[in-house]
Amino acid sequence: MTKPTLDGNEGEHSGAARLPEPLRRRILLWLPALVFGSAGASLLAAAYRLLRPRAGEAAAGGWVEVGNVAQLSGAEPLRREVFFEQQSGWSASTRAQTVFVLPGAGGRVLSASCPHEGCDVEWSAERREFQCPCHDSRFGPDGARLGGPAEHGLARLHSRTNGGALEILLAPSGEDQQAGRVPG
Ligand code: FES
């Protein structure tokens with residue numbers, strides 16, 4: 001008659017007892033590491049969800065210089081890029097914003113962002129209109145809508161002169177701080 005044993009080859013065995021000894025040792029060694037490791041990862045993930053900063057919360061905004069008023073002259077809209085620091089969570093980045101200064105309209109500043117889907121418009125001196133390269137919206141020299149899928153004219157930005165410099169106001173998110181839309 002066969003007697004049940006835990007370590008022999010005969011008789012009835014449990015599943016764990018059938019594992020080779022080196023493998024059993026390795027499992028016993030790694031099991032606590034796996035348990036503590038996954039618990040630690042869960043804790044870290046929860047801490048990150050709790051402590052991470054939300055994007056845009058600490059974004060910088062305010063007045064940004066477009067250029068020297070004395071140099072912003074002529075009959076044509078002047079394309080300018082303004083650069084500003086944007087804080088997003090823990091990281092800061094430099095972003096660019098394209099605008100058009102209208103020297104013939106008292107230094108009025110228009111956003112270059114097309115109101116349809118946000119592509120930057122370009123000034124065509126030949127046709128005397130702003131044209132959007134994406135879906136062919138067109139705007140007059142004052143930013144008024146002439147045609148195409150855009151439903152409004154270009155956005156007019158808050159602007160001021162400060163110590164000889166023309167400045168525009170950017171919202172805390174870094175987006176245009178619009179003074180209004182040019183009708184059309
Ligand atoms: S983004 Fe300008 S027409 Fe569509």
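For the structure itself, look to the data block above.
In this text the structure is predicted, and so the values were computed from the model without any measurement.

Enquirer: Before we move on, can you summarise the sheet that holds strand β10 (residues 159–162) with the specific residues and values?
Expert: The sheet built from three strands is open, its strands ordered β1-β11-β10 with antiparallel pairing. Each of the sheet's edge strands pairs with one partner strand only, and the pair in question is β1 (62–68) and β10. Ignoring which end each strand starts from, the neighbouring axes of this sheet average 35° apart.

Enquirer: Help me get a handle on the packing of aromatic side chains, residues and values and all.
Expert: Overall, the coordinates contain two aromatic pairs when judged by the stated rule. With 4.8 Å between their ring centres and 65° between their planes, F100 and F130 make a pair best called edge-to-face. Here the residue F100 occupies a position in strand β3 (residues 91–102), and F130 occupies one in strand β6 (residues 129–131), the gap between them amounting to 30 residues. Taking relative accessible area as the criterion, F100 reaches 1% and is therefore assigned buried. On the basis of relative accessible area, F130 is assigned to the buried category, the value being 0%. Grouped by ring-pair contacts, the aromatic residues F100, W123 and F130 constitute a single cluster.

Enquirer: Kindly report on the environment of A150, identifying the contributing residues and their values.
Expert: Here A150 shows up in the loop between β8 (145–147) and β9 (155–157). Here A150 falls in the buried class, since its relative accessible area comes to 1%. Linking A150 and S137, residues 13 residues apart in sequence, is a C-alpha distance of 5.9 Å. Once residues lying within four places of it in the same chain are set aside, the contact partners of A150 are C114, P115, H116, S137, F139 and R145.

Enquirer: Which residues make up the sheet that holds β6, and what values do they have?
Expert: Backbone hydrogen bonds hold the strands of a sheet together, and the pairing may be parallel or antiparallel. Taken in spatial order, the four strands make up an open sheet running β5-β6-β7-β8, and their pairing is antiparallel. Looking along the sheet, the strands with just one partner apiece sit at the ends: β5 (122–124) and β8.

Enquirer: Give me the lowdown on the environment of V109, citing residues and values where you can.
Expert: Following the sequence through the fold, V109 ends up in strand β4 (residues 108–111). You can call V109 buried: its relative accessible area is 0%. Taking the C-alpha atoms as reference, V109 lies 9.9 Å from R80; in sequence the two are 29 residues apart. Discounting residues that sit within four places of it in the chain, V109 has contacts with V99, F100, V101, A155, R156, L157, S159, L166 and I168.

Enquirer: Just give me the short version of the pattern of salt bridges, but keep the residues and values in it.
Expert: The full count for this structure, using the stated rule, is eight salt bridges. Linking E76 and R128 is a salt bridge whose minimum nitrogen-to-oxygen distance equals 2.8 Å. Of the two residues, E76 is situated in the loop between β1 and β2 (78–88) and R128 in the loop between β5 and β6; the sequence distance between them amounts to 52 residues. For R128, a relative accessible area of 38% translates into the label partly exposed. The salt bridge involving E129 is made with R138; its shortest N-O contact spans 3.1 Å. Assessed through its relative accessible area of 30%, R138 is described here as partly exposed. Among the ionic contacts, a cluster of salt bridges with common partners joins E21, R24 and R25.

Calculation criteria
Residues numbered from 1 in each chain as written. Predicted model: local features only at pLDDT ≥ 70, side-chain atom pairs only at ≥ 80, totals over all residues. Heavy atoms only, no water. Pairing = 2+ DSSP bridges. Helix = DSSP H or I, 4+ residues; strand = E, 2+ residues; numbered from the N terminus. Axes fitted to C-alpha atoms, helices over the stretch in contact; angles between N-to-C directions. Phe/Tyr/Trp six-rings, centres within 6.5 Å; stacked < 30°, edge-to-face > 60°. Buried < 20%, exposed > 50% of the residue type's maximum accessible area, 1.4 Å probe, protein only. Contact = heavy atoms within 4.5 Å. Salt bridge = Lys/Arg side-chain N within 4 Å of Asp/Glu carboxyl O.

Remember that the coordinates give geometry; whether it matters functionally is a separate question.
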